[in-house]
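Descriptive analysis of the structure
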Amino acid sequence: MSYIRQWLYAWNKPEPLRQSSLLLMLSGAVGHGDSLLETLRAHERESAGDWREKVQLFVSLLESGHSLSVAMSLVENLLPAETISAVSVAERGGCLASVLLDEAGRIGRRCAREQAGLLAPEALLLWFGSCCVVIYSLLQFLAILIAPKFKDTFEGFGLELPGISQQMLTLLQIFSRTWYLTVMPGLGLFVGLTWVAWKTAQTKLMRGYVPWARLWPRYWTPGILRILGISIAAETPISEALDATIHELPEGRAATRVIELRDRVLAGTHLLQALRQVRLLSAREYAFLSSAETSGHTDWAMRHLATAIDQRRQRRFTRFLICLGPMITLGMGAIVLFVCVAWFAPLVKLIGDLS
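The written sequence of each chain sets the order in which its residues are numbered from 1. Totals for whole chains, interfaces and linings use all residues, but because this is a predicted model, local features are given only for residues with pLDDT of at least 70 and pairs of side-chain atoms are given and counted only at 80 or more. As a rule here, side-chain values cover all heavy atoms of the structure and leave hydrogens and water aside.

Turning next to the packing of helix α11 (residues 238–248) against helix α12 (residues 253–266). Where α11 meets α12, the axes come as close as 10 Å, and the angle between the chain directions of the two elements is 165°. Taken together, the axis directions place α11 and α12 in an arrangement best described as roughly antiparallel. Relative to α12, the crossing made by α11 is left-handed. Contacts between α11 and α12 involve Ile238, Ser239, Leu242, Asp243, Thr245 and Ile246 from the first element and Val258, Ile259, Leu261, Arg262, Val265 and Leu266 from the second. Put simply, Ala, Val, Leu, Ile, Met, Phe, Trp, Tyr, Cys and Pro go in the nonpolar bin, Asp, Glu, Lys and Arg in the charged bin, and everything else, Gly too, in the polar bin. Taken together, the residues that form the contact of α11 with α12 break down as 8 nonpolar, 2 polar and 2 charged. Only the stretch in contact is used when a helix axis is fitted, and all axes are lines through C-alpha atoms; the angle between N-to-C directions ranges over 0 to 180 degrees. Helix and strand definitions here come from DSSP, where helices need a minimum of 4 consecutive H or I residues and strands a minimum of 2 consecutive E residues; each element is numbered from the N-terminal end. Roughly parallel covers angles under 35 degrees, roughly antiparallel covers those over 145, roughly perpendicular covers 65 to 115, and oblique covers all other angles. Handedness of a helix crossing follows the sense of rotation of the near helix relative to the far helix, less than a right angle counterclockwise being left-handed and clockwise being right-handed. Contacts: residue pairs with any heavy atoms within 4.5 Å of one another.

Here it is as structure tokens:
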């Protein structure tokens, strides 16, 4: 992931470092119209490429009278979707500066986690695809050029091949007869994996979510809780906060679930009960928020729970990646070990028989 982020940075594309810097500048200048525009114009002059064009469009939208959140949403990939929703709610509640500062810190921490040294899933996917291509090419080379001569040599000496070598030669014969049927699908699979990894990493860096998140409503629970916490602290209508969230969500099951949540709230259902009914909260999370509501700290509890869910999800995902890397290595190593043993076992037998 860090390599893709560095590529985006080198080519002046939106990425977490630029996004957090823009939010920090906005947090310091918000509330002062002339100062805000001058700050953004100075940032525009210091920028280049695609990022400069986005900042220029952002400034033009602000000058034409659009609000900060509307201007952010109209400029494609300027900021993550969750940040735009939070800004939209904060504008109505008068806590814009603090929310901008919090979002800048959150994006900066996400960037720091990506540089922690652990391979991202996109990098693991590319690594796995590359290993498959290398091993496939090696097996095809052995099957077409080496295996027939290897078999003729031992048949010439009148020696019987070991069982593991016979199994290998059988597999290589299958490879040699079907190479024209597998090379194009294999190449297409590798190109497809590369494209999926690139699009996933790019969307995650620019928009703050992975493309398949639209199918997983629980993925958005931390962001929804943060936005609801801002709304409760600022005493703005919950329905407006949900509208701002829906506006930035990609189409899919997640957006449908949040629309259902909004409809339940508008129908008079209590917010926490509605969150539980649409399965955006677990039973334990619902009990925690209910307890916090009793003591009058719902906004703090929602922000705390959002951070806890993010951290718990990050820990589980880190453990999965830590296990996945060695598993891929062991699988590829087992294939190489099988080929090596099957290749050298007949040589050892030949030396022993001839001596």
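Glancing now at the state of the cysteines. Working definition: a disulfide is two cysteine sulfur atoms within 2.5 Å of each other. Enumeration according to the criterion identifies 0 disulfides in this entry. Among the cysteines around Cys131, which has no disulfide bond, Cys132 carries the closest sulfur, lying 7.0 Å off.

A few words on unusual backbone geometry. Positive phi values are uncommon outside glycine, yet Asn12 reaches one of about 60°. Residue placement: Asn12 occurs in the loop between α1 (2–10) and α2 (16–29). The phi torsion at Glu235 lies on the positive side, around 60°, for a residue other than glycine. Here Glu235 lies in the loop between α10 (221–234) and α11.

Opposite charge on two side chains allows them to pair when their charged atoms are near. Only one rule defines a salt bridge in this text: a Lys or Arg side-chain nitrogen within 4 Å of an Asp or Glu carboxyl oxygen. Applying the stated rule across the entire model yields 15 salt bridges. Of the charged contacts, one joins Glu82 and Arg226 as a salt bridge, the two residues approaching to 2.8 Å between their closest N and O atoms. A residue pair is termed long-range when its members are at least 10 positions apart, and Glu82 in helix α6 (residues 81–93) and Arg226 in helix α10 qualify at 144 residues. Accessibility classification places Glu82 together with Arg226 in one group, the buried group. As a salt-bridge pair, Glu240 and Arg92 come within 3.4 Å of each other at their nearest N and O atoms. Here the residue Glu240 occupies a position in helix α11, and Arg92 occupies one in helix α6, the gap between them amounting to 148 residues. Classification of residues uses two cut-offs on accessible area relative to the type maximum, computed with a 1.4 Å probe and protein chains only: under 20% is buried, over 50% is exposed, and between them is partly exposed.

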